[in-house]
Amino acid sequence: MSAWRYAIEIIESLGAYPALSATPGTVYPLLARLDKAGLVSTRWSESPGGPPRKYYRLTADGDALLADGAAAWSHLSFAMPDILRKG
């Protein structure tokens, strides 16, 4: 399974790629849907300087879905230059 990540860490990681930047208003509802679907686990942890923080990580089902999506993306990205060249 993946490492535990705080939502703001996830948002900052996405922000490193301009095409993937997202706001908390987008990410938090998505994380809630993933949790409800059983694709992420959550836990609360004390914060060094504020209220407790909620952390997330992929479940085994989430890892499997990510692997499937990565494979599909790999196949698509391999095919795109040929598709675009043929117009």
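A short tour of the structure in this document, coming up. In this text the structure is predicted, and so the values were computed from the model without any measurement.

The next subject is the sheet that holds strand β3 (residues 50-58). Strands sit in the order β1-β3-β2 across an open sheet of 3 strands; the sheet is antiparallel. Each end of this open sheet is capped by a strand with a single partner; those strands are β1 (5-6) and β2 (40-47). Looking at chain direction, β1 and β3 are connected through 2 bridges and run antiparallel. Counterpart to Y6 in the pairing with β3 is Y55.

Applying the stated criterion across every chain yields a total of 1 aromatic pair. Pairing Y6 with Y55 gives two aromatic rings, centres 5.6 Å apart and planes at 40 degrees, and the pair type is tilted. Placement of Y6 in strand β1 and of Y55 in strand β3 is noted, with a sequence separation of 49 residues between them. Assigned by exposure class, Y6 and Y55 land together as buried. Its guanidinium or amino end placed over the ring of Y55, R43 lies 5.0 Å from that ring's centre, counting from NZ or CZ.

Let's shift gears to the pattern of salt bridges. Considering all chains together, one arrives at 2 salt bridges under this definition. Its salt-bridge partner being D82, residue R85 comes within 3.1 Å of it at the nearest N-O pair. Here the residue R85 and the residue D82 both occupy positions in helix α3 (residues 60-86), the gap between them amounting to 3 residues, near one helical turn. According to the relative accessible area criterion, D82 is partly exposed, its value standing at 31%. Among the ionic pairs, D82 bridges to K86, the shortest N-O distance being 3.3 Å. Here the residue D82 and the residue K86 both occupy positions in helix α3, the gap between them amounting to 4 residues, near one helical turn. Residue K86 is classed as exposed on the basis of its relative accessible area, which comes to 67%. Among the charged side chains, a salt-bridge network with shared partners connects D82, R85 and K86.

Each value, and the rule that gives it
- Residues numbered from 1 in each chain as written.
- Predicted model: local features only at pLDDT ≥ 70, side-chain atom pairs only at ≥ 80, totals over all residues.
- Heavy atoms only, no water.
- Pairing = 2+ DSSP bridges.
- Helix = DSSP H or I, 4+ residues; strand = E, 2+ residues; numbered from the N terminus.
- Phe/Tyr/Trp six-rings, centres within 6.5 Å; stacked < 30°, edge-to-face > 60°.
- Buried < 20%, exposed > 50% of the residue type's maximum accessible area, 1.4 Å probe, protein only.
- Lys NZ or Arg CZ within 6 Å of the ring centre and 35° of its normal.
- Salt bridge = Lys/Arg side-chain N within 4 Å of Asp/Glu carboxyl O.

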